[in-house]
Every structure is written in C-alpha cells, then in structure tokens.
Amino acid sequence: MIRVLEVFREPMANGGQESFLMNMYRNMDRTKVQLDFLTPFTCDNPDLMAEIESMGGKVFTYDHPFGENNNAVFKESVQEFLANHPYSIVHFHSGSTYALMEGAKLAHDAGIPVRVVHSHCGGFKNLKYHVIKMLSIPWLLKYPTDYLACSDLAAEWKFPKSVIQDHRYTVIHNAVDTDRFRLDPALREKIRTVLGVDANAPVLGHVGRFSLQKNHAFLIDIFAAVHQKNPDAILLLAGAGELEPEIRDKVKTLDLENAVKFLGLRKDIPALMNAMDVFVLPSFFEGLPVVGVEAQATGLPVITSTAVARELPLKDLAQYIPLESSPDTWADAILHTADESRVHRRNTTQEIAEAGYEIKAAARAFEQFYLDRAAEAGIQSDHAGTNQPVSAFNEKGTEA
C-alpha cells in the first residue's frame, strides 16, 4: 500500500478542496493507496475527521488560528511535520501560490521523491498576484515533480508559462458521486417540508465557506434584489467560516432574516441541492468549483460569475454573469432560471458521466496517478509512509 500525505494551507471543514479529495478517497481502492491529511490550522468538522479515520486515514492538525501569519505558520508546521513523519508522496492543495511553491521546496528539502502541487482556483489579478507569481517561477520550476489543476484556468493562474506551454500539467476533474448527487423529486419535497419552504417558492442556494473568495456580501445584495421582486423567495446558505458573523449582520440590517436560512455545516448537501431551484456562485475567483458540478449532477442550474472557469460540464445549466453587473441584473436572471428549473428540471446522471465527471472512473484514474508516480520513483509500499514513527504528535495529529 502507498500512503500519501495531502496537505492543506487552509483549515479543513467543508470546502471545495476537501470535497474533491473526499469524493476521490471514498471511491479509491484503499488497499492500494491510503490518504492522510495535514493542515497547520484546524479541522472544524468532526464528521469529516471521523469518516477519514474510519477509512484508515489520519488527520494531523496544529490548531493554529487562521488569519494570523498564515504563510509563516504553514512553513513552520509543514517543515516540522515532514521532519518527523516520513512520506514518499506529498500532495499540496491550495489557492495560495506561496503554499504551493514553499510546500514543494519543503518536501524537496525533506528528501521526498514525489512532490505534487495542485491548483484549485484563480485569484485576484492585482500587483500582489503578479509579484508573487513572478517570484514563484524558479521555485515552481525546480521543486515540484507533478502539476495538477482542476481546470485549465486554474493551471494558467498558478503555474509558470513554460509548464502550460509544454503541457506538463494534468487536469483532474472535480468529479462527483452520481449515486448521491442526482435528481430526486421525493427528496426535494421532503427537505422543503423539513425546512418549512413552500412548494412553489423560488429557492436560491449556495454551499461554501464564508470567506472573501465566495463573495457572500454581494450574494446577499443579489438576494435582496430577488426578494424585492418576489417576496416568497428563499436563500439557503450551507457552510461556515470566518465571515459568517458579518454576513448574518448584513442579513439582519436588510431585514431578510425570515428569508435567509443559515444551515451551517451539513451532511445532506444532495438533499439541499434537490430542494433548490438555482445555485448561485458569485465568487471573486474559482478554478472549477466542485459544488457547481454537484449542483449540475442534481439537474440544478448554476448562475456564477465570469471569474469562474467556464468549464462546468453541462453548458446549458451554466450561466456566467460579470460581477460588475448590478444585483438587479443577477436577480432577473435568477428568477427566470428558477422558474424554468421548476418546470423543466431533468435527470443529468448520464450526461455527467459522459462528460467525464463520474467519481468512480475519476477515482480510479486518481489512484493510478499515485501508483504510477510511486513506480516511477521506485517507491516500495513498505517505504511509502506506512510505518510512521511516534513523534511529538498525539494520535489525532495535533501537536502535543
């Protein structure tokens, strides 16, 4: 068995990176490849930790506060961890260019033969971005052995131009479990009843961490315009994060408390998506959002910003609107789409599979990627991190 360390530069909760990996992990042959997870921050999702451990994986956390010297915390934590835990394959996941370049260097310096960097999103194209990308070029050319991305846009955003031009990166689809994410009219009716939502009310939905990237503040402005046009409209928000108190305050200020439902971290996302009529994602940047694919797998149309990669698999269920457009413009598109969805929503399971986004096939390819890299590097299973020494970490991985 090959044991792989998956490293995050953000807290673990229910974000897109975690969703991507868990979708793969659940469907891999874990007698061949086993995954462990590391974050310098926290894992605020006990169910996620329990599921990982039930499948034979380990979750290591340092429990540092997120937002305070994130880059320094990342470097110090990963450096110390790799010095005490031998792995032969380390896979870095982040929206941070710094984390990818620094992580790959730390793994190289620790003597790890396979060092994978994975771009999951874009970012703000400002002076800071250009400076960091320029500084990252020598590091990202020297230290990673493999480059993965969720979309061509995500690859172009993070990796050096020569990596793109020479096609040295691989796009790994953010595939979904179509046994879970599929149209289910009975489930739709049930969850709407549980949530107290009228059968004919237009329901907007969003699943994502309450962070700057997801642009919840603008989402609330959009919903305020929707609600003004149709007072029966409801907004479902699933997720948690550092900006949630701020968004709750805004909802209260706009007197929308009875129309916006904060649902927290949820295990029933497929049910919630069935209850929705349109999925709204006004992100400042994304690669290819897992939640967008999950939504389409339930037949749910997605309205998103033009900052998101235009690579969602079902083109007729994807609409892209500039962030510069007014909330009214977004609201008109949302209400029209919601009306169409209630009448013409369809089963898209076969379409998702044919587009290459069915999880079982994707997980086999992901598993084979690790096995191939291990073989190329001459890694034997009993030297792949399966026998980890006791170190200054307790059994949950938190620094003792």
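Relevant structure appears above.
Residues numbered from 1 in each chain as written. Predicted model: local features only at pLDDT ≥ 70, side-chain atom pairs only at ≥ 80, totals over all residues. Heavy atoms only, no water.

Visitor: An account of the overall build of the protein is needed here, citing residue identities and associated values.
Guide: When helices and strands are tallied, the protein shows 15 helices and 13 strands. Against the globule reference of 21 Å for 400 residues, the protein gives a C-alpha radius of gyration of 21 Å, in line with a compact fold. Once the C-alpha set of the protein is aligned to its principal axes, its extents read approximately 60 × 45 × 45 Å. Taken over 400 residues, the protein has a buried fraction of 57%. Residue pairs at least 24 apart in sequence account for 74% of intrachain contacts in the protein once pairs closer than 6 positions are excluded. Surface summary for the protein: the accessible area is close to 16500 Å², and the carbon and sulfur share equals 50%. Taken as two groups, the 39 positive and 52 negative side-chain charges of the protein have centres that lie 2 Å from each other. (Helix = DSSP H or I, 4+ residues; strand = E, 2+ residues; numbered from the N terminus. Rg over C-alpha atoms; globule rule 2.2 N^0.38 Å. Buried < 20%, exposed > 50% of the residue type's maximum accessible area, 1.4 Å probe, protein only. Contact = heavy atoms within 4.5 Å. Areas by Shrake-Rupley, 256 points an atom, 1.4 Å probe, with all protein chains shown as cover. Lys, Arg positive; Asp, Glu negative; His and termini not counted. Charge placed at Lys NZ, Arg CZ, Asp CG, Glu CD.)

Visitor: Explain the layout of surface pockets to me, and be specific about the residues and the numbers.
Guide: Volume-wise, the largest pocket comes out at about 1200 Å³. Secondary-structure elements contributing two or more residues to the lining of the largest pocket are helix H1 (16-27), helix H3 (70-84), helix H4 (97-109), helix H5 (127-142), helix H6 (152-158) and helix H12 (290-297). It is H1 that contributes the most residues to the lining of the largest pocket, four residues altogether. The residue makeup of the lining of the largest pocket, split by class, is 18 nonpolar, 19 polar and nine charged. The calculated volume of the second largest pocket comes to roughly 460 Å³. In terms of lining residues, the second largest pocket is bounded by 20 residues, among which Asn14, Arg26, Asn45, Arg266 and Lys267 are the most central. Where the lining of the second largest pocket is concerned, the elements lending two or more residues are H1, helix H2 (46-54) and H12. No other element matches the five residues that H1 contributes to the lining of the second largest pocket. (1 Å grid on protein atoms, 1.4 Å probe; cavity = no way out; pocket = protein on both sides within 12 Å on 5 of 7 lines; lining within 4 Å. Points joined across faces, edges and corners; volume = space filled by probe spheres on them. Nonpolar A, V, L, I, M, F, W, Y, C, P; charged D, E, K, R; others polar.)

Visitor: Hey, could you go over a nonpolar patch on the surface for me, with residue numbers and the actual values?
Guide: A contiguous nonpolar surface patch, about 320 Å² in accessible area, is contributed by Leu127, Val131 and Leu135. Relative to the assigned elements, valine 131 resides in helix H5. (Patch = residues over 30% accessible without salt bridge, like charges linked within 9 Å, V, L, I, M, F, W, Y side chains within 5 Å. Salt bridge = Lys/Arg side-chain N within 4 Å of Asp/Glu carboxyl O.)

Visitor: So what's going on with helix H8 (residues 185-195)? Which residues, and what values?
Guide: All of the buried residues in H8 are Arg188, Ile191, Arg192 and Leu195. Down the axis of H8, the buried set is contained in an arc of 105 degrees. They therefore lie on one face. Across from the buried face of H8, at angles greater than 90 degrees, the exposed residues are Ala186, Glu189, Lys190, Thr193 and Val194. Of the surrounding secondary structure, the elements contacted by the buried residues of H8 are strand E8 (203-207), strand E9 (234-238), strand E10 (260-264), helix H11 (269-275) and helix H13 (327-344). One or two steps after H8, the chain reaches glycine 196, where phi turns positive at roughly 75 degrees. (Arc of directions from axis to C-beta.)

Visitor: Would you mind going over the pairing of strand E4 (residues 89-94) in detail, with residue names and values included?
Guide: When you tally the buried positions in E4, you get six out of six residues, the bulk of the element. In E4, alternate side chains face the same way, and those of Ile89, His91 and His93 on one face and Val90, Phe92 and Ser94 on the other are all buried. Inspection of the sheet shows strand E1 (residues 2-8) paired to E4 by five bridges, in the parallel sense. Residue leucine 5 lies in a different strand from E4, and its bridge partner there is valine 90. Taking the sense of rotation as the criterion, the β-α-β connection linking E4, H4 and strand E5 (residues 114-119) turns out right-handed. (Pairing = 2+ DSSP bridges. Right-handed = clockwise from strand over helix to strand, strands pointing away.)

Visitor: How would you summarise the packing of H1 against helix H15 (residues 359-376) if you had to cite specific residues and measurements?
Guide: It is the contact of H1 with H15, at a shortest axis distance of 8 Å, that shows an interaxial angle of 85 degrees. In terms of orientation, H1 and H15 fall into the roughly perpendicular class. The segment H1 lies against H15, with Phe20, Leu21, Asn23, Met24 and Asn27 engaging Ile359, Lys360, Ala362, Ala363 and Phe366. A breakdown of the residues in the contact of H1 with H15 according to their chemical character gives seven nonpolar, two polar and one charged. (Axes fitted to C-alpha atoms, helices over the stretch in contact; angles between N-to-C directions. Parallel < 35°, antiparallel > 145°, perpendicular 65-115°, else oblique.)

Visitor: Describe in detail the sheet that holds strand E13 (residues 318-321), supporting the description with residues and values.
Guide: As summarised here, the arrangement of the six strands in space is E10-E9-E8-E11-E12-E13, forming an open sheet in which the pairing is parallel. Every other strand in the sheet has two partners, leaving E10 and E13 as the edge strands with one partner each. Adjacent strand axes in the sheet meet at a mean angle of 25 degrees when their direction is disregarded. When strand E12 (residues 302-305) meets E13, the two strands line up parallel, connected through four bridges. If you follow isoleucine 303 over to E13, its bridge partner there is glutamine 319. The sheet strands contacting helix H9 (residues 216-229) are E8, E9, E10 and strand E11 (278-281), and the helix crosses E9 at an angle near 160 degrees. Set on the sheet, H13 makes contact with E8, E11, E12 and E13; between it and E12 the angle comes to about 160 degrees.

Visitor: I'd like a description of the nonpolar core, backed by residues and values.
Guide: Phe159, Met273 and Phe279 are the most contacted members of the largest nonpolar core, which totals 99 residues. Considering each element in turn, this core owes the most residues, seven residues, to H15. Not counting the four nearest positions on each side in its chain, phenylalanine 159 is found in contact with Leu100, Val117, Ser119, Lys133, Tyr147, Leu148, Ala149, Ile164 and Tyr169. With 28 residues, the next largest nonpolar core counts Ile247, Val260, Phe262 and Ile303 among its residues. (Core = buried A, V, L, I, M, F, W, Y, C linked by side-chain atoms within 4.5 Å.)

Visitor: Describe in detail the sheet that holds strand E3 (residues 59-61), supporting the description with residues and values.
Guide: Pairing within the open sheet is parallel, and its seven strands lie in the order E3-E2-E1-E4-E5-E6-E7. Bordering the open sheet on either side are E3 and strand E7 (169-171), each of which pairs with just one other strand. Strand-to-strand, the axes of this sheet are offset by a mean angle of 25 degrees, without reference to chain direction. Note that E5 and strand E6 (residues 146-149) share four bridges and pair parallel.

Visitor: Outline the environment of alanine 99, listing residues and values.
Guide: In this structure, alanine 99 sits in helix H4. Sequence separation between alanine 99 and valine 117 is 18 residues, and the spatial gap between their C-alpha atoms is 9.1 Å. When residues no more than four places from it in sequence are discounted, the contact partners of alanine 99 are Arg9, Phe74, Ser94 and Ala104.

Just geometry here; none of it tells us what the structure is for.
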